[in-house]
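# Descriptive structure summary
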Amino acid sequence: MKASWHYRYPPLAVLALAFLVVLCGARGSQQADVKFDARVAHPAYPKSGPRVVIDEAHRNFHTASGRYRPFAQLIGNDGYRVVPGAGAFTAAGLRGGDILVISNAMGPDGHEWESAFTPEEVGAVHGWVAGGGNLLLIADHFPMGGAAEKLSEAFGVDMAKGVTEDTLNCTPDETTAIVYSRENGLLTSHPITDGRSADEAVARVVAFTGQSLSVPEGAVAFLKLGATARDFKALAPKIEKTGDNTRIIPQYGDPVPAAGRAQGVALEVGKGRVVVLGEAAMMTAQISGDGHPFGMNVPGNDNRKLALNIMHWLSRLD
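Described below are features of the structure shown in this document. From a predicted model like this one, the values you see are computed outputs, not experimental measurements.

## Let's talk about the overall build of the chain
- The secondary structure content of the chain amounts to six helices and 20 strands.
- With respect to the principal axes defined by its C-alpha atoms, the chain has extents near 55 × 45 × 40 Å.
- Relative to its 318 residues, the chain shows a buried fraction of 57%.
- A total of about 13,100 Å² of accessible surface is found on the chain, and carbon and sulfur atoms cover 54% of it.
- Of note, the chain has its 29 positive side-chain charges centred 4 Å away from the centre of its 33 negative side-chain charges.

What follows is the structure in structure tokens.
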């Protein structure tokens, strides 16, 4: 029998968020927003754009036909050719794509925090990027960071692997929903945030509960965590077994400062480009189990522009 994940956030700020979310139950009730308007008025590629492979071979919580469907539709309408990635990463297989998107891969069942990728796969992806490939790697709160860290470390990016909050730069109802804006100085200048014109410039982005990332030398933190940000790093999860049932309950340590880290990092590696994000929902449009929108479909943010600009930078339209 499969293990059930009873996901809970640590106590954040003054609030004790002790609600439980089952990874394949209540959390699994997150669905793509089928009403999201993914039209693009002026596609970047009117004809046959770059080939984008969206990974679905590593127990991904987000896939092109599932919760990342709005993202896939949006970039498809921008002219990118979107295809699912159904196999392990190999040098030969990666040559068939221009951009590889990996969102919330997970380790083995019951050990989701362990690496989702073999050493051979990590080496293949790194070699492909160095030779001119382009990678968008996304991994948010526990257990996703642990699953992706071997791949992120290959590019010099450390993942905190827990949950990040900012009690100052957040939405009114959630300290882990971090706001990045020109006004608060956390949205920094880069082709990804500036766009190719005033119409593409990003003014405000919201990340909907993620982890923090280190910023290696030569990289740019375009979503930069501020002085009041802090990480609740994951400890070994608590495992409860009752008969044939196994419950996995995440545990967290005391908060530590996350200032100087980021939730969006861009870097160049050899001939290729890499973007690493510490939160996944900001790049799609979903409806939560209680019917609320979160992601690109939340009014007042420029997450849609951010998604397109990331793809433009990876495909060298900047």
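## Concerning helix α1 (residues 69-77)
- Among the residues of α1, those classed as buried are Pro70, Phe71, Ala72, Leu74 and Ile75.
- With its phi angle positive at about 105°, Gly79 sits one or two positions after the end of α1.

## What to know about the packing of helix α3 (residues 119-130) against helix α4 (residues 144-154)
- It is the contact of α3 with α4, at a shortest axis distance of 9 Å, that shows an interaxial angle of 40°. Taken as axis vectors, α3 and α4 run oblique relative to one another. Remark: the crossing between α3 and α4 carries right-handed chirality. Residues Val122, Val125 and His126 of α3 form the contact with α4, whose own contacting residues are Lys150, Leu151 and Ala154.
- Of the residues contributing to the contact of α3 with α4, the split by class is four nonpolar, one polar and one charged.

## What about the sheet that holds strand β12 (residues 220-224)?
- Sheet architecture is open: seven strands sit in the order β5-β4-β6-β7-β18-β17-β12, paired in mixed fashion. Strands at the two margins of the open sheet, each flanked by one partner only, are β5 (81-85) and β12. Averaged over all pairs of adjacent strands, the angle between their axes in this sheet comes to 15°, without regard to strand direction.
- Examined bridge by bridge, strand β7 (residues 134-138) and strand β18 (residues 272-277) share five bridges and lie parallel to one another. Paired with Leu136 across the bridge in β18 is Val275.
- Running over the sheet, α3 touches β6 (99-103), β7, β17 (262-269) and β18 and is turned about 125° from β18.

## Digging into the sheet that holds strand β19 (residues 285-287)
- Taken together, the three strands give an open sheet; going across it, the order is β3-β19-β20, and neighbouring strands pair in antiparallel fashion. Here the strands that pair on one side only, and so sit at the sheet edges, are β3 (31-32) and β20 (293-295).
- Where β3 and β19 come together, two bridges link them in antiparallel fashion. Bridge pairing in β19 places Ala32 opposite Gln286.

## Topic: the packing of α1 against helix α6 (residues 303-314)
- Interhelical geometry of α1 versus α6 gives an angle of 60° and a closest axis separation of 10 Å. Here α6 runs oblique to α1, going by the angle between their axes. Our pair here, α1 against α6, has a crossing hand that is right-handed. Contacts between α1 and α6 pair Phe71, Leu74 and Ile75 from the former with Arg304, Ala307, Leu308 and Met311 from the latter.

Rules and cut-offs
- Residues numbered from 1 in each chain as written.
- Predicted model: local features only at pLDDT ≥ 70, side-chain atom pairs only at ≥ 80, totals over all residues.
- Heavy atoms only, no water.
- Helix = DSSP H or I, 4+ residues; strand = E, 2+ residues; numbered from the N terminus.
- Buried < 20%, exposed > 50% of the residue type's maximum accessible area, 1.4 Å probe, protein only.
- Areas by Shrake-Rupley, 256 points an atom, 1.4 Å probe, with all protein chains shown as cover.
- Lys, Arg positive; Asp, Glu negative; His and termini not counted.
- Charge placed at Lys NZ, Arg CZ, Asp CG, Glu CD.
- Axes fitted to C-alpha atoms, helices over the stretch in contact; angles between N-to-C directions.
- Parallel < 35°, antiparallel > 145°, perpendicular 65-115°, else oblique.
- Left-handed = near helix turned anticlockwise from the far one by under 90°.
- Contact = heavy atoms within 4.5 Å.
- Nonpolar A, V, L, I, M, F, W, Y, C, P; charged D, E, K, R; others polar.
- Pairing = 2+ DSSP bridges.

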